[in-house]
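Close look at the chain arrangement
Below, each chain spelled out in residue letters.
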Amino acid sequence: MECNLTIDEILDTSDYDYENVRRDNVNKIIGMLSDFLEYSNLLFKDHKCGDKYKEYMETKNWLYTQINQLTINKDTIIALYRKLKKDEQLKKYVMTILFNIGNHEAFDLIKQSAEDIPFLIKDDNGDIDIYGLKYSKTYKKPSK
């Protein structure tokens, strides 16, 4: 079954602390992304690629390296996300920035499923046979 979730539906922002946001880093990242977007538009303005793609990729990798050097906690990620999603030009970078920064804080913001999650446990009396080993299916609530 196809399920289209928005990022708002999977991010848990319930513990957001406005006072803990590194606003200077949020503004730096927004500024760097804006500059990169402007640079990209100028670079490809004449629609002739040539070596431009290589230059674009090198600049993009440099940008991500610079972002990875900033202190970014969960609250800063939430603030950054909220600013990016409001900007029509920059919102295309939301997923890339949130889930490719080096400290992986954004992954801790993903909501756990509220439903029981099925697990296989080894069980000699189990009804599931995998390569000659017996397993049973059990359901557990996700832990937070």
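Before reading further, recall that the structure is shown in the block above.
Quick summary incoming for the structure in this document. (Residues numbered from 1 in each chain as written. Predicted model: local features only at pLDDT ≥ 70, side-chain atom pairs only at ≥ 80, totals over all residues. Heavy atoms only, no water.)

Helices and strands together make up the secondary structure of the chain, namely five helices and three strands. Taken from N to C terminus, the helices and strands of the chain fall in the order α-α-α-α-α-β-β-β. Buried residues in the chain amount to 29% of all 144 residues. Considering only intrachain contacts with a sequence separation of at least 6, the fraction spanning at least 24 residues in the chain is 62%. (Helix = DSSP H or I, 4+ residues; strand = E, 2+ residues; numbered from the N terminus. Buried < 20%, exposed > 50% of the residue type's maximum accessible area, 1.4 Å probe, protein only. Contact = heavy atoms within 4.5 Å.)

Strand order in this open sheet of three strands is 1-3-2, and the pairing throughout is antiparallel. At either margin of the open sheet sits one strand with a lone partner, and together these are strand 1 (117-122) and strand 2 (128-130). Ignoring strand direction, the axes of neighbouring strands in this sheet form an average angle of 45°. Bridge analysis of strand 1 against strand 3 (residues 133-140) gives six bridges, and the strand direction is antiparallel. Directly across from I117, in strand 3, lies its bridge partner K140. (Pairing = 2+ DSSP bridges. Axes fitted to C-alpha atoms, helices over the stretch in contact; angles between N-to-C directions.)

Next up on the list: the packing of aromatic side chains. In this structure the tally under the stated criterion is five aromatic pairs. Summarising the aromatic geometry, the rings of F36 and Y93 are spaced 6.2 Å apart at their centres and angled 65° between planes, so their arrangement reads as edge-to-face. Residue F36 is located in helix 2 (residues 23-43), and its partner Y93 is located in the loop between helix 4 (74-86) and helix 5 (94-100); the two are separated by 57 residues in the primary sequence. Comparing F36 with Y93 shows no difference in burial state: the two are buried. Linked through ring pairs, F36, Y39, F44, Y53, Y56 and Y93 together constitute an aromatic cluster. The lysine or arginine in question, R23, covers the ring of Y18, its NZ or CZ lying 4.2 Å from the ring centre. (Phe/Tyr/Trp six-rings, centres within 6.5 Å; stacked < 30°, edge-to-face > 60°. Lys NZ or Arg CZ within 6 Å of the ring centre and 35° of its normal.)

Contact geometry of helix 2 with helix 3 (residues 52-68) gives a least axis separation of 11 Å together with a crossing angle of 180°. It follows from the interaxial angle that helix 2 and helix 3 lie roughly antiparallel. Residues I29, M32, L33, F36, Y39, S40 and L43 of helix 2 form the contact with helix 3, whose own contacting residues are K52, E55, Y56, T59, K60, L63, Q66 and I67. Of the residues that constitute the contact of helix 2 with helix 3, the class distribution is nine nonpolar, three polar and three charged. (Parallel < 35°, antiparallel > 145°, perpendicular 65-115°, else oblique. Nonpolar A, V, L, I, M, F, W, Y, C, P; charged D, E, K, R; others polar.)

Let us now look at the pattern of salt bridges. Two side chains that carry opposite charge are able to pair once their charged atoms sit near each other. Taken as a whole and assessed by the stated rule, the structure comprises three salt bridges. Residues K85 and D8 are paired through a salt bridge, measuring 3.2 Å at the closest nitrogen-oxygen approach. Of this pair, K85 sits in helix 4 while D8 sits in helix 1 (residues 7-10); the two residues are 77 residues apart in sequence, bridging distant segments of the chain. A residue is classified by how much of its surface remains accessible, and D8, at 42% relative accessible area, is partly exposed. With a shortest N-O distance of 3.0 Å, R22 and D24 are connected by a salt bridge. By relative accessible area, which is 36% here, D24 ends up partly exposed. (Salt bridge = Lys/Arg side-chain N within 4 Å of Asp/Glu carboxyl O.)

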